[in-house]
Amino acid sequence: MNNYLDSFSLKLSIIALRAALLSMAVVSVAYAGEAADEASAAELVKPISQIEIGGTYINNKNWKYGEYNGLDDKSTYGIANIDVRGGAAYDSGETGRWSFKASDLALDTRKMSAEFGRQGKFRINLGYDQFVKNGNGDYQTPYITNGTNNFVLPSGWVKPMQLNVTPITGGANVPLASWVGGSSTPDAYNTRALSSNFVNNDLLWRYNSSGVSAIAACVAGTLTYAKCGPVERLLPSSASGSNYLQTMLNAAATDTALFHNVKIDTQRRKYDAGIVFNIENQWDITGSISHEDKTGTRLQEFVPNGEKDILLPIDMDQSHDQFNLALNFTGDQSFFKAAYYGSVFTQNNKVVTFVNPDLGLVNGADITPPSNQMHEARFTGGYNFTPSTKLVGEFSYGRNTQNDAFLRTSLIASGYLPENSLHGEVINKTAYLKLTAKPIKDLNVSAGYKYDDRNNQTPVKTFAQMDIDTVNSVLTTNTAAALYNNALHTAGLIPLTDVINTGSTGVNIWQNRAYSKTSHRVNLDADYLIVQGNAVKVGYDFETIDRHCNDSWVSCADAERTNENTVRAEYRNTMIDNVTAKIGYAFSVRNAQGYNPDAFLALTPTANLVPNQALVNTGGYSLYSFLQSVKSLGITAYGPSLGWPTGLSSSAAPIAAGVAAATIDGDPNNALYAAVKSWKAIYPTLTTNQAIALTTFMGPGGQITAATYYANGQNLMQMPGQQMPYVGDRDRNKVRASTNWQATDRLTLTGGIDFNLDNFKKTTVGLQDSKSYAINLDSTFAFNDKVSTSAYYSYSSQRQNMTFDNYGTNAGTAIAGGTAANTNTDSMIGGCYADIVARAQSAKIDPCNQWGTSIHDQNNTLGFNLLTKGLLTPKLDLGGDLLFTWAKTSQDFTGVIAVTSPLTTTNSGSSGATAWTTAYIPMQALPDVNTRIVTLKLNGKYAVDKRSTVRVGYTYQHLTSSDWFYESLQAGNTPTGILPTNEKAPSYNVHSVGAAYIYSF
Amino acid sequence: MKLTTKIAALCLMFGGLLTSSGIFAAELPDLGESSVRTVTQSAVTDSLKKDAVCTKCHDESEVKPVLSIYQTKHGVKADSRTPSCQSCHGDSDAHVKNADGKATRPSPDVLFGMKSGSNSSFPRTASSKQNASCQTCHANAAGKRNHWTGSQHESRNIVCAACHEVHARQDKVLAKTTQPEVCFNCHKTQRAETHRISTHPLDAGKMSCSDCHNPHGTTGPKLLIKDSVNATCYTCHAEKRGPLLFEHQPVTDDCTNCHTPHGSNTTPLLKARPPFLCQECHSNQHANAKFSGSNMTLSGNATNIIVNGVTYQAPGSATPTTNGVGRACLNCHALVHGSNHPSGAKFNR
């Protein structure tokens, strides 16, 4: 018999499944009753109850070890598990039985369940399940809470500041002859100062008084890097500089002392109840209800203003209620089910307020995810036309709503809200049909169809809001924003009273997008048994997905339709004795129809409006109508498709009052004359109005943008020719192969390969391809009936290749060998063009600015298991698991990157000094991220007598991670706007020992 | 409500129900007339007599317990639906009688499991025949098996007994803490993925495969319990369901556009590390910045560079870039799952 082989192969994966204590606590109770050896028949047929009491000691405190199991402290934890069962005996005329189970009662992961009923009549179950998730235990913040989610800074907080070190000689990028401190008091917010050793960071990196000669020596290679590089710092040589430096030192000392640890953990507590009730022989009612509270503390990023970031430990108070009710009919040839599902998410802590650590501004406010509901009716039915021909159908209708009040408090600065809440509504409809049949012997076929519609009926409105709502933000009239205001009002998008408000600095005008999606999917399958032991299966899938937005003024979908065809083939072989094998291949082609690089425009209603002609001349065009009109010229997208004409400065802002085209053409003194002439020289077919519009709509980076006159508008675009991978054209290959060889009665070997290759064949930038494969090898071997072992090894590799284009502005920034004045005729080192002008005229898409990256994840997993049952004495079972996991993420690059370095100086600076300029250097690999996990588990179980068992266990787990993610979170290492959190990569060694007594009755 | 209060309330509820129903006196409430699904004591006795044909040999000495089926729902003989041994294994007359007196008896009519071959005592029973035995009762039952026929597992000849141990006191695949090891017998790539540094809490026994998948067949992809990936995720992550004022199209489309649910080297269950994950889609002038070991980290493994024919050590980065390190893009665009804030069009509110 091979029963024990089956059992042993299962044991192998136990190694992966539980933290040591939990595996001790839970599993033994569940299966101690299965110890069949020497068990009497009477013991096997009656319900066995067990109670387990014990304890375990954890020798080290670590949040990651206790991330999900709650064992995050150095402490002794109790083991308390209960499994009691009762009710009618199997051979009685009664069907009533009950059970009560509880596990981990002494831990934060406790679980209880009770079930009772009369089998065939009704069953009721009740449950409680608690779940903990620990966050990074090293997290620190200076913030303290003043009430629920109201974060303030301690009274001693001093704004961290950048030392004001204005060069006193030379121009920008010219090495200082001597650093003497700034000419004004320090004031720039800079979190890099939050370090006791900040004097070692870049805040003071400058070049010494012998800079010119030293740098020349660097270029000649006669000095070492320590002298040449930016690590050499300069201490102030003046009294004022020393004062500033002392100010910073004091501030750093004060602020760093205010950072304190906050425990980050969330708790889920779920209460549930269910019932199954048999109305009569063929009709049942089933129902369940669950309520889950989620409380605790989680980290969420907030942006006070600009590129600043604070990570705050917000208090959570939310709940999720779910309801199920179903009426079921089970017939001889058919079944039917009518069901209701409800899901109600309730957010109790809706608002988070915080003080801005840059004390020039006061408060910010943000929100947590809003409450929402979903209610669904579902009907399922099936009918057997013949014993082998069956039709199953399922239909559902669901309504998902969300209507929490918008955050409209005094913390919101100027802005227009068309509604007080979203009135969000999504209607989900699905239909599913599947027919299965066996038309001839050994041939099974099936055909399926699925319709899935997410219809987002949320009203689409125009919102004029600041990107960052900060009290005391000074609102000033923004002429550029005002360009659209009258048009917005005329279009009925905002009321007249808000025209003025939306003409303020930092106010953006957006429309929400109600994303909808409709899919149709067809599946056809045929499975044919060629000869006994040889079967082949072929299949075809077709799926079409339409994406759209209701009420959007322009298509919002990145691809309005994707069609995907898949063919599949699989061969299964059991012909060779003791060997089973199968191999399958699937190939899919997905095509995006109407890929839409302009989808972002749905967010910007201003693109469809003609600006105020009294303020700016666009030739009478809206941005969108203009783009439509010039597509014939090859201007096909909103990306950096155009360069500036020769001689036309990118800073020549073409804003001018409306002037007739004829006037401009005939007036060389007109502000737009030169620009129009230049554009016409490039595109002779342009009309004057088109040339005017082109000049007007050209963004600061040379790109055409819908929101040129609104902050960051260009950030919405994408490169011409890019297709986002989730909807882009794609070829997909999948191979699955596996074999199982039962070599002997005691030895089983299995192996398998999974291979996937996605090729995004048409996109110019972004994800190009993704390739992954996994190899899995397993073996189980039983020495005898008492000793067995198993081992497995898995290797997986996933590589993603991406390309990008770092197109830039027309500003001549990347110059080496040029002058300090950065004239546009400067030559470039490392670029593909001789000078800036040439690059600008080539649409700024410099091939030498193209770059790529390859991300490679590799994972090795090796597991061993040894299990003995009654080896030393019939009463003693021993087991052990050992697991090694190595994970490595490496990331290589191709291309060059512009860096500012004294190593690229020239002697042609206009000031006469050697210029510290910019040059291209090769992009280089990021540090590998290595993770090592070693787990050893030893378990022993000794049966004292038929009722008493003692269980002991030991677990060791070791984890190290070299994740550089955490490096920039440390005080002094952060970017200038990010408050440090001092979170560290997890690393630990944890030992645990435990013992428990099990009483069975 | 405090935890202790809730637990106390739950205990009272349990206790009240159990006490009022007379469970501890072995008296269960009768919620109506006796069901047609219950049988008389004589019928119970008859069924056990049929079982005895088998259990006189297959007794407590079996390596894998057979008799413990009487502790399970399949062993409640007073339920008219409860099978006898013959209901599932067939009458197996040849096996029982062993007319030829061979040392190894002929096979029972139906054997359950995936193994076969000369190393087995008996040939493997065809999958269809095994499953038909189970489906005698379970085929049309309205519930989790509605879509079994033609499903991924059924069409690959996976038998019920490949996962279920109906004789066991506790079927492993029906217990949250042990279910994954059953699934991982075949799904070994997923087994390895759950050992990565970022995972769902399967190891801790707080989540099981069937929280997301229904192996008996569903209308959703990958045997997910709901119609779509997102609907499945929302059963636990309902706060991300919305609808929200400003939605992120790939998020509403499919959570797996960014996440890989079985395990990842990048927390939280991400397919790649930001900012590179974000750059797969975002190529605008703000997002297309170059990040590499040459300029992004303080301790990048930078190598020397050559400028104008002169070799220099790479300068590295004096100041890490805000959108390249740490949480990268998410440093500012934190609400990447969507925002309901009027200022949240770019997910920084």
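Before reading on, note that the structure itself is shown above.
Position labels on residues start from 1 in each chain and follow its written sequence. Written order determines the labels here, with chains lettered from A and ligands numbered from 1. In view of the model being predicted, local features appear only for residues whose pLDDT reaches at least 70, and side-chain atom pairs are presented and counted only at 80 or more, with totals across whole chains, interfaces and linings using the full set of residues. Excluding hydrogens and water, the side-chain values take into account all heavy atoms of the structure.

Peer 1: I'd love a proper account of the overall build of chain B, names of residues and values included.
Peer 2: Across its full length, chain B holds 11 helices and 2 strands. Helix and strand labels come from DSSP, where a helix needs a run of H or I of at least four residues and a strand needs a run of E of at least two; each type is numbered from the N terminus. Traced from its N-terminal end to its C-terminal end, chain B shows the element sequence α-α-α-α-α-α-α-α-α-α-α-β-β. For each residue, the accessible area found with a 1.4 Å probe, counting protein chains only, is set against the maximum for its type, and the residue is called buried under 20%, exposed over 50%, and partly exposed in between. Evaluated residue by residue, chain B yields a buried proportion of 54% over its 349 residues. In what follows, a contact means two residues having at least one pair of non-hydrogen atoms within 4.5 Å. In chain B, the proportion of contacts linking residues at least 24 apart, taken out of those at least 6 apart, comes to 45%. Accessible surface area values rest on a Shrake-Rupley calculation with a 1.4 Å probe, where residue burial reflects the displayed protein chains alone. As presented, chain B carries roughly 14,200 Å² of accessible surface, and 59% of it is formed by carbon and sulfur atoms.

Peer 1: Give a detailed account of unusual backbone geometry, specifying residues and quantitative values.
Peer 2: Residue Pro268(B) is reached from Thr267(B) by a cis peptide bond, and omega for that bond is -5°. In this structure, Pro268(B) sits in the loop between helix 10 (249–253) and helix 11 (276–279). Residue Pro274(B) is joined to Pro275(B) through a cis peptide bond whose omega torsion reads 10°. If you trace the backbone, Pro275(B) turns up in the loop between helix 10 and helix 11. One non-glycine residue, His423(A), adopts positive backbone phi at about 55°. Relative to the helices and strands, His423(A) is located in the loop between strand 20 (415–416) and strand 21 (424–440). The exposure class assigned to His423(A) is partly exposed, which follows from its relative accessible area of 39%. Positive phi outside glycine occurs at Ser92(B), with the angle close to 55°. Looking at the element boundaries, Ser92(B) is found in the loop between helix 3 (85–89) and helix 4 (93–97).

Peer 1: Report on the pattern of salt bridges, specifying residues and quantitative values.
Peer 2: By definition, a salt bridge exists where a carboxyl oxygen of Asp or Glu is found within 4 Å of a side-chain nitrogen of Lys or Arg. Tallying each qualifying case throughout the model produces 47 salt bridges over all chains. Residue Arg169(B) pairs with Asp83(A) through a salt bridge whose shortest N-O separation is 3.2 Å. A residue pair is termed interchain when its members come from two chains, as with Arg169(B) in the loop between helix 6 (152–155) and helix 7 (179–183) and Asp83(A) in strand 2 (residues 75–87). Here Arg169(B) matches Asp83(A) in class, with each residue buried. If you follow the salt bridges from partner to partner, you end up with Arg521(A), Asp525(A), Asp541(A), Glu543(A) and Arg568(A) in one network.

Peer 1: Break down the nonpolar core for me, with residues and values.
Peer 2: Counting 26 residues, the largest nonpolar core has Phe626(A), Val676(A), Trp679(A), Leu686(A), Leu694(A) and Phe697(A) as its most contacted members. Those elements that provide at least two residues to this core are helix 8 (623–630), helix 10 (673–682) and helix 11 (688–697) of chain A. With 5 residues, helix 11 of chain A is the largest single contributor of residues to this core. One finds Phe760(A), Phe893(A), Leu277(B) and Phe291(B) within the second-largest nonpolar core, a separate group that totals 17 residues. Take the buried residues of types Ala, Val, Leu, Ile, Met, Phe, Trp, Tyr and Cys, join any two whose side-chain atoms come within 4.5 Å, and each joined set is a nonpolar core.

Peer 1: Pulling in residues and values, what's your account of the packing of aromatic side chains?
Peer 2: The geometry of an aromatic ring pair is captured by the separation of the ring centres together with the interplanar angle, meaning the angle of the planes. All names here are of chain A. Two rings belonging to Phe, Tyr or Trp (six-membered ring only in the last case) form a pair when the distance between their centres is within 6.5 Å. Interplanar angles under 30 degrees mark stacking, angles over 60 mark edge-to-face geometry, and anything in between is tilted. Per the stated rule, a full pass over the model turns up 21 aromatic pairs over all chains. With centroids separated by 5.7 Å and ring planes inclined at 75°, the aromatic side chains of Tyr65 and Tyr988 adopt a geometry described as edge-to-face. Of this pair, Tyr65 sits in the loop between strand 1 (50–58) and strand 2 while Tyr988 sits in strand 39 (residues 988–1000), and the two are 923 residues apart along the sequence. Residue Tyr65 is classed as buried on the basis of its relative accessible area, which comes to 6%. A ring pair is formed by Tyr128 and Tyr271, whose centres lie 5.0 Å apart and whose planes are at 50°; its orientation type is tilted. In this pair, Tyr128 sits in strand 5 (residues 122–134) while Tyr271 sits in strand 12 (residues 265–280), placing the two residues 143 residues apart along the sequence. On the accessibility criterion, Tyr128 (1% relative accessible area) is buried. A relative accessible area of 13% means that Tyr271 is categorised as buried.

Peer 1: Explain the state of the cysteines to me, and be specific about the residues and the numbers.
Peer 2: All names here are of chain B. Note on terminology: pairs of cysteine sulfur atoms within 2.5 Å are recorded as disulfides. A full pass over the atoms with the stated rule returns 1 disulfide over all chains. Distance from the sulfur of Cys163, which forms no disulfide, to the nearest cysteine sulfur (Cys183) is 6.5 Å. Cys163 gets classed as partly exposed once you look at its relative accessible area, which sits at 32%.

Peer 1: Outline the side chain of Thr544(A), listing residues and values.
Peer 2: Structurally, Thr544(A) can be placed in strand 26 (residues 534–549). By relative accessible area, which is 11% here, Thr544(A) ends up buried.

Peer 1: Lay out the pairing of strand 5 of chain A in plain terms, naming residues and giving numbers.
Peer 2: All names here are of chain A. In terms of burial, strand 5 is a largely internal element, 10 of the 13 residues being buried. We treat two strands as partners when DSSP finds at least two bridges between them. In terms of strand pairing, strand 4 (residues 111–118) meets strand 5 through 8 bridges, oriented antiparallel. Note that in strand 5 the partner of Gly117 across the bridge is Arg123. Counted between consecutive antiparallel strands, the loop separating strand 4 from strand 5 contains 3 residues, among which Gly120 sits at a positive phi close to 90°. In terms of strand pairing, strand 5 meets strand 12 through 13 bridges, oriented antiparallel.

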